[in-house]
Amino acid sequence: MSGATPRAVVVDDSHFMRTMLSDMLENGGVNVVGTAADGAEAVDTVLEHEPDVVTMDLQMPDVDGLEAVERIMAERPTPILMLSAHTADGADVTFEALEKGAVDFFTKPGGEVSTRMSSKEDQLVRKVKAVAGADVSGGRSSTSATTTTTTSTRSAGSTATSDDYLEDATVLIASSTGGPTVVERVVGSLPRDADFRILIVQHMPDAFTGRFADRLDAASEYDVREAGDGDRIGGGDALVAPGGKHLVVAGAGGGRLRTKLTEDPPEHGVRPAADVTMRSAAETIDGPLVGVVLTGMGADGAEGVRAIKDAGGHVIAQDEASSAVFGMPKRAIELGSVDDVLPDDEIPDAILDAIRLEVNA
């Protein structure tokens, strides 16, 4: 970012929305250096002003937000925050934008837009400032100098089977800003033979977590679904915490986990919170535990992985070079609970190593 005050370009086909967003950002300490009414104008404005961050509407005439994201990332890579409708269809298009290089998204409220947007001003400003600090240079390292443990036992493309791994292993993944595509790559790289039980907490609104689970299900060998109250999962299953509810591990036995959903107060300003899921897992599960903290702003997950570590589990954090926002992993590292600090593409093998039987190490 070019200075202490982030410089932003606001893109929306509604003049009213452009003005309101600009005012909200300016009030929150963000310098709006330009606005645009469609995707083509957005690309020109970004090239002219070279901002630190762009807020991008999805639905616009002529050149829409998706195409604008693609052009900006090709011509002048810039952190982009998508403004999405709070609908299932909006979720699908938003995930496409993330695939094309956008860092994160913020949902536009329905109803009395001006009133509801104003109530979300602080959240929007925090998101914009976090996204402005994201690394979208494309030069993220595939190796890390900050790895804290030796990983010589990794063997990409190995022919390991379920007999090579400890039984009833549970993997818990925490992620926020910049995380959906990383979670998809990590879960998509885990072999079904490892027979994990996987719990995923990605900070995301309720209209999006179901679609996110569907995407993970399609991208991986695991059976992934959005968690429901009272769900039970065994090896080969994965649950995504639904937006607006905490996912709690309520019981474990016979190779299966029993979960419940709560509407207890948010932690770190978020619900679901990974700390809630991880603490309950550490308290309830006797089998092997692996906690993973991926890119994201804030401190969620740090206390959770400390509980996992205290329970004898293994903890992995994404490194700064490959993180869009190095907030959550940094906090976990600072608490001294992390065994491995790794780029995202090495995390799947590290998970496998953590539960690989010693005779095969």
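Use the structure listed above.
What you see is a predicted model; the values in this text were computed from it and never measured.

What counts, and at which threshold
Sequence order as written defines the numbering, with residues in each chain counted from 1. Whole-chain, interface and lining totals are the exception, using all residues; otherwise, since this is a predicted model, local features are given only for residues with pLDDT of at least 70 and side-chain atom pairs are given and counted only at 80 or more. By convention in this description, side-chain values take in all heavy atoms of the structure and omit both hydrogens and water. Here, strands pair whenever DSSP counts at least two bridges between them. By the criteria applied, helices consist of DSSP H or I runs no shorter than four residues and strands consist of E runs no shorter than two, each listed in order from the N terminus. Each axis is a line fitted through C-alpha atoms, taken for helices only over the stretch in contact, and angles between the N-to-C directions span 0 to 180 degrees. For this analysis, a nonpolar core means a set of buried residues of the types Ala, Val, Leu, Ile, Met, Phe, Trp, Tyr and Cys, connected via side-chain atoms within 4.5 Å. Summary of the burial criterion: residues with accessible area below 20% of their type's maximum are buried, those above 50% are exposed, and those between are partly exposed, where the area comes from a 1.4 Å probe applied to protein chains only. Contacts were defined at the residue level, with two residues in contact if any of their heavy atoms lie within 4.5 Å. Regarding the arc, it is the one traced by the directions from the helix axis to the C-beta atoms.

A. Fine view of the sheet that holds strand E8 (residues 223-226). Spatial ordering of the open sheet is given by E8-E10-E7-E6-E13-E14-E15, a layout of seven strands whose pairing is parallel. Here the strands that pair on one side only, and so sit at the sheet edges, are E8 and strand E15 (340-342). With direction set aside, neighbouring strand axes in the sheet form an average angle of 20°. By the bridge criterion, five bridges tie strand E6 (residues 170-175) to strand E13 (residues 289-293) in an arrangement that is parallel. Its bridge partner being in E13, Val 171 is matched across the sheet by Val 290.

B. Focus on the nonpolar core. Counting 79 residues, the largest nonpolar core has Met 56, Ile 173, Phe 196 and Ile 351 as its most contacted members. Those residues in contact with Ile 173 that lie beyond four places of it in its chain are Val 183, Val 186, Val 187, Ile 198, Leu 199, Ile 200, Val 201, Met 278, Val 292 and Leu 294. Counting 29 residues, the second-largest nonpolar core is a separate cluster that includes Ala 174, Ala 307, Ile 308 and Ala 332.

C. Spotlight on the sheet that holds strand E9 (residues 232-233). The strand order across the open sheet built from three strands is E9-E12-E11, with neighbouring strands paired in antiparallel fashion. Looking at the sheet topology across the chains shown, the edges are occupied by E9 and strand E11 (246-253). Of the pairings in the sheet, the one linking E11 to strand E12 (residues 256-262) comprises seven bridges and is antiparallel in character. Paired with His 246 across the bridge in E12 is Thr 262.

D. Main features of the environment of Gly 244. Mapped onto the elements, Gly 244 comes out in the loop between strand E10 (237-240) and E11. For the pair formed by Gly 244 and Pro 205, sequence separation is 39 residues and the distance between their alpha carbons is 6.7 Å. When neighbours within four sequence positions are excluded, Gly 244 is seen to be in contact with Glu 263, Arg 271 and Pro 272.

E. Examining helix H2 (residues 39-49) more closely. Among the residues of H2, those classed as buried are Gly 39, Ala 42, Val 43, Thr 45 and Val 46. Seen along its axis, H2 keeps its buried residues to an arc of 165°; they face one direction. Opposite the buried face of H2, by more than 90 degrees, sit the exposed residues Asp 44 and Glu 48. Each element contacted by the buried residues of H2 is listed here: strand E1 (7-11), strand E2 (31-36), strand E3 (53-57) and helix H3 (65-75). Positioned one or two residues after H2, Glu 50 has a phi angle of 45°, which is positive.

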